[in-house]
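# Fold and contact review
As a plain string of letters, each chain reads:
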Amino acid sequence: MSLSHEDLLTVLTMVESRDGMQRFVAMMASALGRGVACLWRDPQEQSVAGEVGPGHEEELEKLRRDEGIWPLLGDARVLSAPGLTLLAARQGEAAIGALALITGDDDGPPVDLDRRWHVALCSAFRRIHKQRAQEESAQRFISLTQGANIGYLVATRNGTITEVNDRLVELLGSPSPQATMNINLRTFPPLVKVGVAQCYAACVDEERDTADTIPYTSAWGKEVLLHFRFRPLRNAQGRVTGAHGMVDDLTPLAQLRADKARAEEALFQRQKLAALGTLAGGVAHDLNNVMAGIMSFAEGLREEHLLPALRADAEQIIASVLRGRALTEDLLAFTHPSPRPVAPVHFHDVVHQVGNIIQRSAPSGVSLHLSLLATSDLVMGDPRRLELMVMNLLLNAVRAIRDDGDIRIITSELLLPAPLWPELASGRYLRCVVQDNGVGMCEEVLQRAMEPFFTTRPSGEGTGLGLALVHSTLLAQGGGLRIESQEGRGTTVTLALPLAEGRAHAQTEPARAAPPPLAGTALLIDDDPVVLRAHERALKRLGLTVVPAQSCREALALCERLTPTVVVSDLNMPEISGLECVVRDGFPKVPVLLVSGLHGAPLDGLSWTPGVRFLPKPFTQAELKEALDALLEHAPRED
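Since the model is a prediction, treat every value here as computed from it, not as a measurement.

Inspection of the entire model under this criterion finds two aromatic pairs. Taking 5.1 Å as the distance between ring centres and 85° as the angle between the ring planes, the aromatic pair formed by Y200 and F230 counts as edge-to-face. Here Y200, found in helix 9 (residues 196-206), pairs with F230, found in strand 9 (residues 223-234); they are 30 residues apart in sequence, far enough to count as distant. Residue Y200 is classed as buried on the basis of its relative accessible area, which comes to 0%.

The structure is reproduced here in structure tokens:
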């Protein structure tokens, strides 16, 4: 087995670095069991450099000082001397390198260039050539990955990065590839802190593929989610000499998954609200029918009994029914949003009115402080919804304080645009701040505070609709809401309500003359006997003669011999609805008041025609008279 001068030259060229010489000498010495030196002559300085195995340092120094060997090597391929054999490598006519086999015995015979020399040298050549091929392959691989969306690296066993692509530099936030290659995967503190160092150590020490997904903060302060994968690199003997790694940025994927989860949660909430809306509509219809009877009988007691105690009790019953009506209206408005008429309202009056109620009902240790500093408090809104909004905010504050504490309401004017309210239109707003020093909210609760039906209170102590209704009210009226809270340090809720120009609606509306008492015959249709009796008494109190009917079929039969002045009919009834009844052939073309416990019921536009009007249950006697007065101002319906 022979090795050409060209092969020897290739080997020496490969090992011209100090590190390469050390590895090459170690391989040769291990194979031959003798001292081996690798000499290299620097053409620029005409000097000799090299490494030698342990125990032969003096021989190497002799070779380094002996400049006379180079002319001899220039004439010979092999030079043998006592204790030394040199195998020369020439470039042209000049000897530029040599391999030296050293015995250390200057008096002994020359060492023969036996088969083991050739075998060891050829083996070393193959190994070094394979190692160099691996290095060149890694370099080509890194070169090919420039511009890729995945970061690539090659690192030594001790963790030193030797090759990187531009994407890895970007992901790690390093200023340059050179700076990145100064990073040691085993010792770089940011990588040790998040576990990358441990992942790399497991790869090279346990000789297996490893991977981990790690939140990482780059040198520029950017927070990303990186997926690291490491695979061992092996030399010709199969030993792990390092690893190559791939680093992928999973931040966009994580964001996409988070967005998907939020979208799925929002869809679930919408489906839940839709199901609740269907259920709430049916419950509200039945509940409003029950309250309609209670309202009518309570108003009868109030008007027919002169005893102050009974009148006071009747007033309390009516007030309770009105509160129940407000609750069902808000529940239906939340599950079935629909536009509501708005008007200018003095917000400070709302705050004073609700504040007085809260102060009387709150625990004695809770104090309410008002600083109503806004020079203009006229806002656009639905007065009843504004009252409910302030009521919800103050009740939340009282519950947060529990026993002793302060609630502050501060108003001022706000001119937008402003950085805090980018979603609101430009203009003048009333800013209302509601502060409490109660228990506050943690970050997780704060993020879900306006979520419908979310509550941290025990079962039976809250519906989770308070802040959700506040938010929906503000959005419907062109306003905005901000909540700040810290656990144990209280909560601050800031509202922005658009200011109205001019004066309050109640002040600008001209006074109208009281309508005359009602007269004539009313055909009353309702399938609920209790509600039928209650409304019959209410209509009689208004001065009408009432003909009751408990179904539309009964009403149609009555109309064959009766032409009423007005028809008051429930909208939702079995078999034939009130709407179907009044549009049938043969039904008198007279004004019709349709009533229903299901608010927002579809009337196919008939409710806006002069001859048909809609009134939701439960209603007061005053509201009933107002609706009938407006209806009877118009002529009877025409064909």
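Following the structure, the description resumes.
Another aspect to go through is the packing of helix 17 (residues 529-541) against helix 20 (residues 621-632). Pairs of packed helices are described in terms of their axes, by the angle between the two and the distance that separates them. Across the interface, helix 17 lies against helix 20 with an axial gap of 10 Å and an inter-helix angle of 65°. As summarised for this structure, helix 17 and helix 20 are arranged roughly perpendicular, according to the angle between their axes. Helix 20 is crossed by helix 17, and the crossing has right-handed handedness. Facing A538, L539 and R541 of helix 17, the residues of helix 20 in contact are Q621, L624 and L628. Residues of the contact of helix 17 with helix 20, tallied by class, amount to four nonpolar, one polar and one charged.

Okay, the pairing of strand 18 (residues 521-525) next. Counting buried residues along strand 18, five of its five residues qualify, which places the element largely inside the surrounding structure. Covered by surrounding structure in strand 18 are T521, L523 and I525 together with A522 and L524, the residues of both alternating faces. Between strand 18 and its parallel partner strand 19 (residues 545-549), the chain crosses via helix 17, and the hand of that crossover is right-handed. Examined bridge by bridge, strand 18 and strand 20 (residues 566-570) share four bridges and lie parallel to one another. Bridge pairing links L523 to V567 in strand 20.

Turning our attention to empty space enclosed by the protein. Throughout the structure, instances matching the rule amount to two cavities of 30 Å³ or more. Of the voids in this model, the largest cavity is the one considered here, and its volume is about 40 Å³. Surrounding the largest cavity, A292, M295, S296, E299, H535, A538, F619, T620, Q621 and L624 form its lining. Elements supplying a minimum of two residues to the lining of the largest cavity: helix 10 (251-304), helix 17 and helix 20. Sort the elements by how many residues they give to the lining of the largest cavity and helix 10 lands first, with four residues. For the lining of the largest cavity, the per-class residue count stands at five nonpolar, four polar and one charged.

Moving on to unusual backbone geometry. In this structure, P417 follows L416 across a cis peptide bond, with omega equal to 20°. Residue P618 is bonded to the preceding K617 through a cis peptide linkage, with omega at -10°. Summarising the element assignment, P618 is placed in the loop between strand 22 (612-616) and helix 20. Even without being glycine, E207 reaches a positive phi, approximately 55°. Overall, E207 belongs to the partly exposed group, its relative accessible area being 40%. Backbone geometry places E575, a non-glycine residue, at a positive phi of 65°. Topologically, E575 is positioned in the loop between strand 20 and helix 19 (578-582). Look at E575 and you get exposed, because its relative accessible area is 70%.

Take the confidence of the model for the chain next. Predicted coordinates in areas of low pLDDT are best not read in detail. In the predicted model, the chain carries a mean pLDDT of 76, and the fraction of residues at 70 or more is 68%. Under a pLDDT of 50 for its full length, residues 503-511 has, in the predicted model, nine contacts with residues more than four places off or in other chains.

Here the focus is a nonpolar patch on the surface. A contiguous nonpolar patch, built from V283, L287, V290, I294 and I317 and spanning about 380 Å² of accessible area, is present on the exposed surface. When residues in the nonpolar patch are grouped by element, the largest group, four residues, is from helix 10. Considering the arrangement of structural elements, one finds L287 in helix 10.

This next bit is on the state of the cysteines. Counted according to the given criterion, the structure contains zero disulfides. C581 provides the cysteine sulfur closest to C559, a residue in no disulfide bond, and the two sulfurs are 6.8 Å apart.

Taken together, the five strands give an open sheet; going across it, the order is 7-6-10-9-8, and neighbouring strands pair in antiparallel fashion. Sheet topology places strand 7 (161-164) and strand 8 (210-217) at the edges, where each strand pairs with a single neighbour. With strand direction ignored, the average angle separating the axes of adjacent strands in the sheet is 25°. Of the pairings in the sheet, the one linking strand 9 to strand 10 (residues 240-249) comprises nine bridges and is antiparallel in character.

Among the structural elements, H227 can be located in strand 9. One polar contact links H227 to T213, side chain to side chain, over a distance of 2.8 Å. Residues in contact with H227, not counting those within four places in the same chain, are A211, D212, T213, M246, V247, D248 and L250.

All right, on to the pattern of salt bridges then. Following the criterion strictly, the structure yields 12 salt bridges and no others. Among the salt bridges present, the one from D526 reaches K617, with a minimum N-O distance of 2.9 Å. Of this pair, D526 sits in the loop between strand 18 and helix 17 while K617 is found in the loop between strand 22 and helix 20, placing the two residues 91 residues apart along the sequence. As far as burial versus exposure is concerned, D526 and K617 are alike and both buried. Through salt bridges with shared partners, a single network forms among R167, E170 and D249.

Between its first and last C-alpha, helix 17 extends 18 Å over 13 residues, near the 18 Å set by a 1.5 Å rise per residue. Of the positions making up helix 17, those classed as buried are V531, L532, A534, H535, E536, A538 and L539. Capping the start of helix 17 is the job of one residue whose side-chain oxygen sits 3.0 Å from the backbone nitrogen of V530: D528.

Let us now look at the environment of L539. By the element assignment, L539 lies in helix 17. Residue L539 is classed as buried on the basis of its relative accessible area of 1%. Separated by 86 residues in sequence, L539 and K625 have C-alpha atoms that sit 8.5 Å apart. Discounting chain neighbours no more than four positions away, the residues touching L539 are A522, L524, L544, V546, V568, L624 and L628.

Once that is clear, we can look at the sheet that holds strand 20. Pairing is parallel in the open sheet, where five strands are placed in the order 19-18-20-21-22. Both edges of this open sheet fall to strand 19 and strand 22, since each of them pairs with a single strand only. With direction set aside, neighbouring strand axes in the sheet form an average angle of 20°.

Reading guide: rules and limits
- Residues numbered from 1 in each chain as written.
- Predicted model: local features only at pLDDT ≥ 70, side-chain atom pairs only at ≥ 80, totals over all residues.
- Heavy atoms only, no water.
- Phe/Tyr/Trp six-rings, centres within 6.5 Å; stacked < 30°, edge-to-face > 60°.
- Helix = DSSP H or I, 4+ residues; strand = E, 2+ residues; numbered from the N terminus.
- Buried < 20%, exposed > 50% of the residue type's maximum accessible area, 1.4 Å probe, protein only.
- Axes fitted to C-alpha atoms, helices over the stretch in contact; angles between N-to-C directions.
- Parallel < 35°, antiparallel > 145°, perpendicular 65-115°, else oblique.
- Left-handed = near helix turned anticlockwise from the far one by under 90°.
- Contact = heavy atoms within 4.5 Å.
- Nonpolar A, V, L, I, M, F, W, Y, C, P; charged D, E, K, R; others polar.
- Right-handed = clockwise from strand over helix to strand, strands pointing away.
- Pairing = 2+ DSSP bridges.
- 1 Å grid on protein atoms, 1.4 Å probe; cavity = no way out; pocket = protein on both sides within 12 Å on 5 of 7 lines; lining within 4 Å.
- Points joined across faces, edges and corners; volume = space filled by probe spheres on them.
- pLDDT = per-residue confidence, 0-100.
- Patch = residues over 30% accessible without salt bridge, like charges linked within 9 Å, V, L, I, M, F, W, Y side chains within 5 Å.
- Areas by Shrake-Rupley, 256 points an atom, 1.4 Å probe, with all protein chains shown as cover.
- Salt bridge = Lys/Arg side-chain N within 4 Å of Asp/Glu carboxyl O.
- Disulfide = S-S within 2.5 Å.
- Polar contact = N/O pair within 3.5 Å; in protein donor to acceptor, adjacent residues only side chain to side chain.
- Expected span 1.5 Å × (residues − 1).

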